[in-house]
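Observations on the three-dimensional arrangement
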2 protein chains.
Amino acid sequence: MADATTDPQLRSWVEVGAEHPFPIQNLPFGVFSRFSEGGATTPRPGVAIGDLVLDLNLLETMGFFDGPQLRGAKVFSQSTLNAFMAMGRPAWREARKTISELLAANEPRLRDDASLRERALVPMSDARMHLPCEIPDYTDFYSSREHATNVGTMFRGADNALMPNWLHLPVGYHGRSSSIVPSGTEIRRPCGQTKADDAEAPSYGPSRLLDYELEMGFLVGPGTELGEPIPIQRAEEHIFGLVLCNDWSARDIQKWEYVPLGPFNAKNFATTISPWVITLEALEPFRTQGPPQQDPRPLPYLQHDAPAAYDLTLTADLVPESGEGVRCTTTNFKYMYWSMVQQLAHHTVTGCNVRPGDMMASGTISGAKKEERGCLLELTWRGQEPIELPNGEQRKFIQDGDEIRMTGHAQGPGYRIGFGPCDGKILPATPLDDASAR
Amino acid sequence: MADATTDPQLRSWVEVGAEHPFPIQNLPFGVFSRFSEGGATTPRPGVAIGDLVLDLNLLETMGFFDGPQLRGAKVFSQSTLNAFMAMGRPAWREARKTISELLAANEPRLRDDASLRERALVPMSDARMHLPCEIPDYTDFYSSREHATNVGTMFRGADNALMPNWLHLPVGYHGRSSSIVPSGTEIRRPCGQTKADDAEAPSYGPSRLLDYELEMGFLVGPGTELGEPIPIQRAEEHIFGLVLCNDWSARDIQKWEYVPLGPFNAKNFATTISPWVITLEALEPFRTQGPPQQDPRPLPYLQHDAPAAYDLTLTADLVPESGEGVRCTTTNFKYMYWSMVQQLAHHTVTGCNVRPGDMMASGTISGAKKEERGCLLELTWRGQEPIELPNGEQRKFIQDGDEIRMTGHAQGPGYRIGFGPCDGKILPATPLDDASAR
């Protein structure tokens, strides 16, 4: 439930504009180091406030986290958020309350201590963002009905678009966690095996149908033991927060490889996430109903009463190396057919255990309108309807040098809960002969 | 290539019978703690020799590993083998040589020092085995032609048994790493969603078609950077060693969920591995040709000249709670159509990075004969031809209380390179209402 930290009237002594992603109502958690200190050294937890990053490691060392949950826990003296995430909601709320109070307009402890401020607040421009946590396992769902219908139509024809199981369970598959990278990491175009419809045999080379997928990912908080399903009524306790997620996809590799065991090389080369984790606490005011009553009604283990969708506007832009970008997708997380709690309950119904930091992504988020489609495959309908760029160029899929920039936000009265950037630029492929020679 | 440590004439002062899995030619690495010290405390690396475990942590502390690779590296003062695995073949060879020399019949340093022997050699019966390493990512291939053909025939009919891509690339998918457990861990029968062919709607309940899959897994040594494919000629440098692997599978859940994104809940509840890692060094004398020349010839990035299969006899027994067991499967790892180096080259051809400890499993290993089929689905042909137990019972699939025991070994002249146990017993399901109530 919403609490004082989400009050729309709340203001910080750190100046934050009405459309800025990181007002005092947000307080997202991330892990940063300082470019000015060499960049790679001493990653540590922080919270974003306006254009600054609050150094939680320093605050912890100084004893600011002295509530019953966090006193002595030393969870911010680590280079990832996993230990903090493992503690669960009471600890998350306590940390959030402490930070919110410290940054509130009327609170002088940090505001009026120039020396402490200097040390505790780092300019965002000096913050190199890392992954917020180790991600032990990554699962990707396929929970947008519009996306599944569109892709199914293209890959299998309209008659087989939505498989018989799709309306009964949140279809998902295991992804590759090693290649999850934070926003800003350049992505090399993958090489692989593809086969044109009219070719006799497959061939090796750079993917020619490189795509983005606009998704949301949630990060698991407290883990579970093997054999211990998470009942849907308790699933939210295991969700720490959300990140934007670009599940890069090589459509030509995918088409050739994916039957019968699903996408593999088509997606294992990179997944980009936004490095700031937006907590469920910050998103509480934006909880909303998902799509109309699910029909057929899911089995009891997938039923929940409370609204479990979130009203988050999401966008994806394609920006060519030279010239102006174009907004490709404008969609909303609330369109998802299957909710995060349904995904988590289904994932663990077998007794599959989860660990702090596990990421579960939504699958491409598409809406009913054309501009709401969350990937180029759908937007250009497999290349048949190219996207026009301001400079007169066209795009069916992503070209070398193109950057994909994603954003997301919830709109409150006079403030926004934003996700910050989820960007990635595509570098040219280095086919294997060259790579071997390096 | 084979070296002095694999000499069939080599004998240890530790007595090891001719059919024992752990002679001096083997020297598998694992991680153990001592039941007599509380079991869960201080897991540390060890090497199996006969019915004893050599404590590598102690030897390292005492300075036995003083070669150029390992001096000061402290890789055996950790609770997993990841750091050692990351070092690569020169370090692995140096450690193996040191250990082999120390255990050789004519070497007195440890043999004649009763006090040191007492501390450095732990009875296997007192060793609680843990996972040998953290497994950051788990990939499961599908590389037995006989298995893929059998399963494809059952799931999709004989005409669609082997998909068009199967002979061109090692089909694989990402698995769940959180639920990989060492031999001896009891496995709870998973619950989930299934749909009978003649049912109108799916239902929730315990899986009724629980199966084992007899596989081999290899563990990755040195990792790679994102965007850096592993050329097939260098793939072996990244393979530390092999373990037995039981990829438990709920066939009824699998059938309902697997189209279009592959198996998910059907396999995410548990994967059992043998805790001793058999190194490629120990297996070098058993390198052999795989199946006859691959036809069609794979693309160049998947071609290798040297034999890349290994002659390993593998078995799986089903042992009911009361009564004698039955040998279900007797097969051989050399039957695999796609080799480990092909799997690794294909996995990374996109630039997907690997990390030390990643596990890549073969997929079910079946041969041409009926008794060589590596899972019950194939052996009983989906339950149509039940297996007879000595006590008169029949099995179509695994029942509660049944234990599956796997073994593997390479047969040398007068010695065996064995894998040790890969066992798991099935506990009754706890459907969700009960689980929630706990």
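Residues numbered from 1 in each chain as written. Chains lettered and ligands numbered in written order. Predicted model: local features only at pLDDT ≥ 70, side-chain atom pairs only at ≥ 80, totals over all residues. Heavy atoms only, no water.

**Examining the overall build of chain A**
- Along chain A, the regular secondary structure elements total eleven helices and 27 strands.
- Over its C-alpha trace chain A gives a radius of gyration of 22 Å, about what one expects of a compact globule, namely 22 Å for 438 residues.
- Along the longest, intermediate and shortest principal axes, the C-alpha atoms of chain A span 70 × 50 × 40 Å.
- Burial analysis of chain A (438 residues in total) assigns 62% to the buried set.
- Put simply, of all contacts in chain A between residues at least 6 apart along the chain, 72% involve residues at least 24 apart.
- Accessible surface, chain A: about 15800 Å² in total, of which carbon and sulfur atoms supply 49%.
- Side chains of chain A give 40 positive and 56 negative charges; the mean places of these two sets differ by 1 Å. (Helix = DSSP H or I, 4+ residues; strand = E, 2+ residues; numbered from the N terminus. Rg over C-alpha atoms; globule rule 2.2 N^0.38 Å. Buried < 20%, exposed > 50% of the residue type's maximum accessible area, 1.4 Å probe, protein only. Contact = heavy atoms within 4.5 Å. Areas by Shrake-Rupley, 256 points an atom, 1.4 Å probe, with all protein chains shown as cover. Lys, Arg positive; Asp, Glu negative; His and termini not counted. Charge placed at Lys NZ, Arg CZ, Asp CG, Glu CD.)

**Regarding unusual backbone geometry**
Residues and elements named next belong to chain A.
- Note that the residue after Val259, namely Pro260, is joined by a cis bond; omega there is 10°.
- Positionally, Pro260 belongs in the loop between α7 (251–257) and β16 (271–273).
- Following Asp295, the chain continues into Pro296 via a peptide bond in cis, with omega recorded as 5°.
- The topology assignment puts Pro296 in the loop between β18 (287–288) and β19 (309–310).
- In the Ramachandran plot, Trp381 falls in the positive-phi region, its phi being about 45° despite a non-glycine side chain.

**Focus on the packing of aromatic side chains**
- Under the defined criterion, the tally for this structure stands at 26 aromatic pairs over all chains.
- The structure contains a cluster of three or more aromatic residues connected by ring pairs, namely Phe29(A), Phe65(A), Phe76(A), Phe84(A), Trp92(A) and Phe240(A). (Phe/Tyr/Trp six-rings, centres within 6.5 Å; stacked < 30°, edge-to-face > 60°.)

**Observations regarding helix α3 (residues 89–103) of chain B**
All names here are of chain B.
- Taking 1.5 Å of rise per residue, 15 residues should cover 21 Å, and α3 covers 21 Å from first to last C-alpha, within 8% of that figure.
- Burial of α3 is extensive: eleven of the 15 residues sit out of reach of the surface.
- Within the sequence span of α3, burial applies to Arg89, Ala91, Trp92, Glu94, Ala95, Arg96, Thr98, Ile99, Ser100, Leu102 and Leu103. (Expected span 1.5 Å × (residues − 1).)

**Some thoughts on the environment of Ala361(A)**
- Inspection of the secondary structure assignment puts Ala361(A) in strand β22 (residues 359–361).
- Leave out the neighbours within four places in its chain, and Ala361(A) touches Tyr138(A), Thr139(A), Asp140(A), Phe141(A), Glu215(A), Met216(A), Gly217(A) and Cys245(A).

**Some words on the state of the cysteines**
- Tallying each qualifying case throughout the model produces zero disulfides over all chains.
- Between Cys133(A), a free cysteine, and Cys245(A), which holds the nearest cysteine sulfur, the sulfur-to-sulfur gap is 12 Å.
- Unpaired in terms of disulfides, Cys191(B) finds its nearest cysteine sulfur in Cys352(A), a separation of 14 Å. (Disulfide = S-S within 2.5 Å.)

**What to know about the sheet that holds strand β3 (residues 52–55) of chain B**
All names here are of chain B.
- Pairing in this open sheet of five strands is antiparallel, and the strands run β4-β3-β2-β1-β5 from one edge to the other. Strands with a single pairing partner mark the edges of an open sheet, and in this sheet they are β4 (121–123) and β5 (127–130). Neighbour to neighbour, the strand axes of the sheet diverge by 50° on average, direction disregarded.
- Examined bridge by bridge, β3 and β4 share three bridges and lie antiparallel to one another. Paired with Leu52 across the two strands is Pro123, which belongs to β4. (Pairing = 2+ DSSP bridges. Axes fitted to C-alpha atoms, helices over the stretch in contact; angles between N-to-C directions.)

**Thoughts on the interface of chain A and chain B**
- With 63 residues of chain A in contact, the opposing surface of chain B contributes 63 residues.
- Interface area, chain A with chain B, both sides summed: about 5800 Å², of which 62% is carbon and sulfur.
- There are four salt bridges connecting chain A and chain B.
- The salt bridge involving Asp137(A) is made with Arg176(B); its shortest N-O contact spans 3.5 Å.
- Linking chain A with chain B are 31 residue pairs in polar contact (both at pLDDT 80 or more), by the criterion used here.
- Grouping the amino acids of the side of chain A that touches chain B by side-chain chemistry returns 33 nonpolar, 21 polar and nine charged. (Buried area = accessible area lost by both parts, 1.4 Å probe. Salt bridge = Lys/Arg side-chain N within 4 Å of Asp/Glu carboxyl O. Polar contact = N/O pair within 3.5 Å; in protein donor to acceptor, adjacent residues only side chain to side chain. Nonpolar A, V, L, I, M, F, W, Y, C, P; charged D, E, K, R; others polar.)

**Details of the domain arrangement of chain A**
Residue and element names in this part refer to chain A.
- Once the domains are mapped, chain A shows domain 1 (4–130) and domain 2 (138–436).
- Computed from C-alpha coordinates alone, the two centres of domain 1 and domain 2 are separated by 29 Å.
- Taken together, the contact pairs 31 residues of domain 1 with 28 residues of domain 2.
- Taking both sides of the interface into account, the surface hidden between domain 1 and domain 2 amounts to around 2400 Å²; carbon and sulfur atoms contribute 66%.
- For the domain 1 face of the interface with domain 2, the top three residues by lost area are Met85, Arg89 and Trp92, together amounting to 24%. (Domains from an automatic or database assignment.)

**Observations regarding the pattern of salt bridges**
- According to the stated counting rule, one finds 52 salt bridges over all chains in the structure shown.
- Between Asp126(B) and Arg34(B) there is a salt bridge whose closest N-O contact spans 2.8 Å. With Asp126(B) in the loop between β4 and β5 and Arg34(B) in strand β1 (residues 29–34), the pair connects residues that are 92 residues apart, well separated along the chain.
- Classification of Arg34(B) by relative accessible area gives buried; the value is 17%.
- Of the charged contacts in the structure, one is a salt bridge between Glu236(B) and Arg287(B), with a shortest N-O distance of 2.9 Å. In this pair, Glu236(B) is assigned in the loop between β13 (214–220) and β14 (239–246) and Arg287(B) in strand β18 (residues 287–288), connecting sequence segments 51 residues apart.
- Taking the relative accessible area as the measure of exposure, Glu236(B) reaches 24% and is therefore partly exposed.
- Several salt bridges converge on common partners, so that one network encompasses Asp211(A), Glu213(A), Asp247(A), Arg251(A) and Lys267(A).

**Here's the deal with the relation of the copies chain A and chain B**
- Least-squares fitting of chain A to chain B yields an RMSD of 0.0 Å, with the superposition described by an axial translation of 0.0 Å and a rotation of 180°. Here the copies are linked by what is in effect a two-fold axis. No C-alpha of chain A approaches the rotation axis more nearly than that of Gly262(A), which lies at 2.3 Å.
- Of the interface residues in chain A, 100% have counterparts in chain B that sit at the interface too, so the contact is made through matching surfaces. (Least-squares fit on C-alpha atoms with pLDDT ≥ 70 in both.)

**Some details on the side chain of Thr331(B)**
All names here are of chain B.
- In this structure, Thr331 sits in strand β21 (residues 326–332).
- A distance of 3.4 Å separates a polar side-chain atom of Thr331 from the backbone oxygen of Glu372.
- For Thr331, the residues in contact, after removing those within four places along its chain, are Leu214, Leu312, Thr313, Leu314, Ile365, Ser366, Gly367 and Glu372.

**Notes on the sheet that holds strand β2 (residues 44–49) of chain A**
All names here are of chain A.
- Spatially, five strands are ordered β4-β3-β2-β1-β5 in an open sheet, and the strand pairing comes out antiparallel. Edge positions in the open sheet fall to β4 (121–123) and β5 (127–130), since each of these has one partner strand only. Averaged over all neighbouring strand pairs, the angle between strand axes comes to 50°, with direction disregarded.
- Both strand β1 (residues 29–34) and β2 contribute to a ladder of four bridges, which runs antiparallel. Bridge assignment links Phe32 to a residue of β2, and that residue is Arg44.

**A few points about the layout of surface pockets**
- Computed from the structure, the largest pocket encloses a volume of approximately 1100 Å³.
- Around the largest pocket, the lining comprises 38 residues; the ones closest to its centre are Arg355(A), Leu131(B), Cys133(B), Glu134(B) and Ile180(B).
- Elements with a minimum of two residues in the lining of the largest pocket: β5 and β8 (180–182) of chain B.
- It is β5(B) that provides the largest number of residues to the lining of the largest pocket, a total of four residues. (1 Å grid on protein atoms, 1.4 Å probe; cavity = no way out; pocket = protein on both sides within 12 Å on 5 of 7 lines; lining within 4 Å. Points joined across faces, edges and corners; volume = space filled by probe spheres on them.)

**Focus on the pairing of strand β13 (residues 214–220) of chain A**
All names here are of chain A.
- For β13, the buried fraction is high: seven of the seven residues fall into the buried class.
- Side-chain alternation along β13 places Leu214, Met216, Phe218 and Val220 on one buried face and Glu215, Gly217 and Leu219 on a second face that is also buried.
- As paired elements, β13 and β22 share three bridges and run antiparallel to each other. Note that in β22 the partner of Leu219 across the bridge is Met359.

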